[in-house]
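Notes for the structure review
Below are the chains, spelled out letter by letter.
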Amino acid sequence: MFNQLNNITDFVHQLSHRIHNLLAPPGATCLTCGTRAALSPTYPGICTRCAQQIPWIRSIRCLRCGRAIGCPDCSRPHMANRSFICNRSAVQYNALMKEWIGMYKFRGHERYAPLLTSLLIQAFQAMSEELSLVAENETQASVVYSATSALPPVDASIHPPSPRASTYARVQPLDAHASAAVRTNPQAANRDPKSLLQNPKPRWRPDAVTYVPVSNERLAERGFNQAERLATGLAAACRLPVVDLLQRRINTTKQSFKTRSERIETMKEAFSISPSVMDTLRYLYIDKAGSNSVRAHSCPLQLLLIDDIYTTGSTLDACGRVILNATVSSDIPVEIYTLTLARS
Ligand SMILES: [Zn+2]
Ligand SMILES: [Zn+2]
């Protein structure tokens, strides 16, 4: 009698499961909107509708900080001597991106890691493409990129990751970054993005990737450093070395009660170079200079500094400054480039 009851319960359970599957639309549950739908073949875990809502920075108006809109920040006098060459960001920090990044960073939803890393990888590919073209046409012009959702899947096993489809437009030189209006160049815009695949040229690649550290207090609270996770994910996909360069001495997130100049002063003291890391940098530099012995002294070590959000750029600037100060005193020429997931 008891066995029969169990069998009936199992049967009812299986039947209801089958009915549910028949009634539910095909696909899987989207990580970000929670609906059951066909998942994006490109971005891990999300539906195609959510993928279409990613606010890519499609064209850059400020070549210094990678902003898509007019940028008063970079024209301020104290910003002129920033420690990094340029910043690029994958997406605009809108409400949707705030939610996605918050789910990962503050709520610890690890399933967001592959998604957010895939956005960063796309931005890195575009940055690499852009800087390769800048090196090619370094005479006067730089290049602006546009992101697109019609992209090949991000596959960490591919090296280098497939470049995304892009259109190109020439913009004003880097010096005129502050209010540079994007001007399209018909010839460049008509260029077949696949031509880069057909004529593979050496792409810009940093010599190492590093990241903005969090304080021990923050690390204990969150259990991980989101910038470090993003950096290691990117580095693994692009087979770049990761260097644990910096330490955070002061937690600078709760500074709202301070004046602007006090905040800048605090930021100057917030970071330091990790002990013994200079040996790693020297090794990387000797390795690079060795392979370019003729140009050894004109071949700075190029470091890519990763963070999740670029707001004023002061955190990245402070990190870059600490690296430059340490490397100058060790006679290692270094150039800093920065890449973030979002630009606010
Ligand atoms: Zn969705
Ligand atoms: Zn700017």
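Residues numbered from 1 in each chain as written. Chains lettered and ligands numbered in written order. Predicted model: local features only at pLDDT ≥ 70, side-chain atom pairs only at ≥ 80, totals over all residues. Heavy atoms only, no water.

**Digging into the coordination of the zinc ion (ligand 1)**
Distances from the zinc ion (ligand 1) to its protein donors, Cys 30 (SG), Cys 33 (SG), Cys 47 (SG) and Cys 50 (SG), fall within 2.3 Å. Between the four donor atoms coordinating the zinc ion (ligand 1), the angles at the centre fall across 104 to 116 degrees, so the site counts as tetrahedral. Summarised as a motif, the one-chain spacing of the donors to the zinc ion (ligand 1) is C-x2-C-x13-C-x2-C. Of this pair, Cys 33 sits in the loop between strand S1 (28-29) and strand S2 (36-37) while Cys 50 sits in helix H2 (residues 48-52), and the two are 17 residues apart along the sequence. (Donors = N, O, S within 2.8 Å, 3.2 Å for Na, K, Ca; no water. Tetrahedral: all angles 85-135°; square planar, octahedral: opposite > 155°, others 65-115°. Helix = DSSP H or I, 4+ residues; strand = E, 2+ residues; numbered from the N terminus.)

**Some remarks on the environment of Ser 274**
Looking at the element boundaries, Ser 274 is found in the loop between strand S8 (271-273) and helix H10 (277-291). Residue Ser 274 is classed as buried on the basis of its relative accessible area, which comes to 8%. Separated by 27 residues in sequence, Ser 274 and Gln 247 place their C-alpha atoms 5.8 Å apart. Dropping the residues within four chain positions of it, Ser 274 is found in contact with Asp 244, Leu 245, Leu 246 and Gln 247. One polar contact links the side chain of Ser 274 to the main-chain carbonyl oxygen of Asp 244, over a distance of 3.4 Å. (Buried < 20%, exposed > 50% of the residue type's maximum accessible area, 1.4 Å probe, protein only. Contact = heavy atoms within 4.5 Å. Polar contact = N/O pair within 3.5 Å; in protein donor to acceptor, adjacent residues only side chain to side chain.)

**Considerations on the confidence of the model for the protein**
The predicted structure's coordinates, where accompanied by low pLDDT, should not be read in detail. Taken as a whole, the protein shows an average pLDDT of 77; of its residues, 69% reach a score of 70 or greater. Within the protein, the lowest mean pLDDT, 28, falls on strand S5 (residues 168-171), and the highest, 98, falls on strand S6 (residues 208-211). In this model, residues 139-200 is a region of pLDDT below 50 whose contacts with residues beyond four sequence positions or in other chains number 127 contacts. (pLDDT = per-residue confidence, 0-100.)

**Comments concerning unusual backbone geometry**
A positive phi angle, close to 50 degrees, is found at Arg 239, a residue other than glycine. Structurally, the position occupied by Arg 239 is in the loop between helix H8 (226-238) and strand S7 (246-248). A positive phi angle, close to 60 degrees, is found at Asp 331, a residue other than glycine. For Asp 331, the location among the structural elements is in the loop between helix H11 (314-329) and strand S10 (334-343). Looking at Asp 331, the relative accessible area reads 67%, which means it is exposed.

**Some words on the coordination of the zinc ion (ligand 2)**
Only Cys 62 (SG), Cys 65 (SG), Cys 71 (SG) and Cys 74 (SG) from the protein coordinate the zinc ion (ligand 2), and they sit 2.2 to 2.3 Å from it. Coordination at the zinc ion (ligand 2) is tetrahedral, judged from the four donor atoms that bind it and the angles of 104 to 120 degrees they form at the metal.

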